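Residues per chain are reported as follows:
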Amino acid sequence: MSLTAPRTISIPVAGSTLLEVDHLTVTFPTSSGPVEVVKDASFRVESGDTLGIVGESGSGKSMTSLAIMGLLPRGGTATGSIRLNGHELLGRSDREMRRVRGDKVAMVFQDPLSSLNPYYTVGLQIEEAYRAHNGGSRRDARRVTIEALERVRIADASRRVDHYPHQFSGGMRQRIMIAMALCLEPDLLIADEPTTALDVTVQAQILELLADLQRETGTGMIFITHDLAVVSQVAQDVLVMKDGEQVEAGTAEQVFSNPRAAYTRALLAALPRIDDPFDELKGTSR
Ligand SMILES: Nc1ncnc2c1ncn2[C@@H]1O[C@H](COP(=O)(O)OP(=O)(O)OP(=O)(O)O)[C@@H](O)[C@H]1O
Ligand SMILES: [Mg+2]
């Protein structure tokens, strides 16, 4: 599948494309004039699939996702088109975007401590998010919250639900953020470098968890990372960004086996090779 055109081999089911972004440009005013931090990006996310967005620091990955969420920092403006289930998101009021965020799109940020309030138990925070979205009784919200914590494999969830954020490890806090996002049953989950702050083993657990949950729920996902190896594990489609430009877009297979942009080839060349066990041997015999 191409990221700029609908899947050519799929049966054309109306609404199977979850997110369509066309010619997205994000601009900030500066003292020396407007600066485009995302330039003319176009991509698709199909229902139940994962798009990996990869690129070095400052390439515009977060600005792309914040534009989708309607959460650009003050002064930032987005032009182009962002359609979710066929409905245009750009130009909506703050109030409407809050509804979209509660209802359709959820985001997991890199640093869970900055998104969790240290003064409230994690249970209360997930319950509040759930009730703001679904209404219902406190008792219901608590049951859903404990279930969500169990789904992200927090052991002893019915007790841990009353603990505060600092009583959890970094990997557990990240899983708590995922649990909170899942309670909203979003159509689209945006994970912005959710594993960057974690050690490799915990990172692998989180990636596995996200893949499992996606299989269960069919949620579409955007997974942002600077690590191409991580993208190869989670994404069907890949978008490579550099200096706000989309330098490459395609299926993971296309991008990994036949990268068109020199920048992508350089990123790939920098990866440790684990695909060919004889590679090292070949290297020594050269
Ligand atoms: N509030 C802001 N006002 C103006 N420019 C900003 C603002 N925040 C970020 N930028 C700029 O926008 C560009 C893209 O930033 P963005 O946060 O999207 O990068 P990123 O790819 O997510 O990087 P990282 O991997 O470090 O998270 C950067 O050049 C950054 O300096
Ligand atoms: Mg970022």
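Residues numbered from 1 in each chain as written. Chains lettered and ligands numbered in written order. Predicted model: local features only at pLDDT ≥ 70, side-chain atom pairs only at ≥ 80, totals over all residues. Heavy atoms only, no water.

- In the nomenclature of an unreviewed UniProt entry, the protein chain is known as ABC transporter ATP-binding protein of Agromyces salentinus.
- As its UniProt record puts it under Subcellular location (unreviewed entry), the protein chain is described as follows: "Cell membrane".
- UniProt lists a comment for the protein chain under the heading Sequence similarities (unreviewed entry), and it reads "Belongs to the ABC transporter superfamily." (UniProt positions renumbered as here; feature names shortened; annotations may be inferred.)

**Points about the site of ligand 1**
- Around ligand 1, the surrounding shell consists of Phe-28, Val-37, Glu-56, Ser-57, Gly-58, Ser-59, Gly-60, Lys-61, Ser-62, Met-63, Pro-73 and Glu-193.
- A distance of 2.9 Å is found between an oxygen atom of ligand 1 and a backbone nitrogen or oxygen belonging to Met-63.
- Notes on ligand 1: free accessible area 650 Å², of which the protein chains cover 61%.
- In terms of residues, the shell around ligand 1 owes the most to one element, helix H1 (residues 61-69), which gives three residues.
- Here the residues of the shell around ligand 1 sort into four nonpolar, five polar and three charged. (Near = heavy atom within 4 Å. Polar contact = N/O pair within 3.5 Å; in protein donor to acceptor, adjacent residues only side chain to side chain. Areas by Shrake-Rupley, 256 points an atom, 1.4 Å probe, with all protein chains shown as cover. Helix = DSSP H or I, 4+ residues; strand = E, 2+ residues; numbered from the N terminus. Nonpolar A, V, L, I, M, F, W, Y, C, P; charged D, E, K, R; others polar.)

**Things to note about the packing of helix H7 (residues 170-183) against helix H8 (residues 200-217)**
- Closest axis-to-axis distance for the H7/H8 pair is 10 Å, and the angle between their directions is 15°. Here H7 lies roughly parallel to H8, going by the angle between them. Crossing geometry of H7 relative to H8 is assigned as right-handed. Taking contact as the criterion, the partners of Gly-171, Gln-174, Arg-175, Ile-178 and Leu-182 in H7 are, on H8, Val-202, Ile-206, Leu-209, Leu-210 and Leu-213.
- In terms of residue class, the contact of H7 with H8 is built from seven nonpolar, two polar and one charged. (Axes fitted to C-alpha atoms, helices over the stretch in contact; angles between N-to-C directions. Parallel < 35°, antiparallel > 145°, perpendicular 65-115°, else oblique. Left-handed = near helix turned anticlockwise from the far one by under 90°. Contact = heavy atoms within 4.5 Å.)

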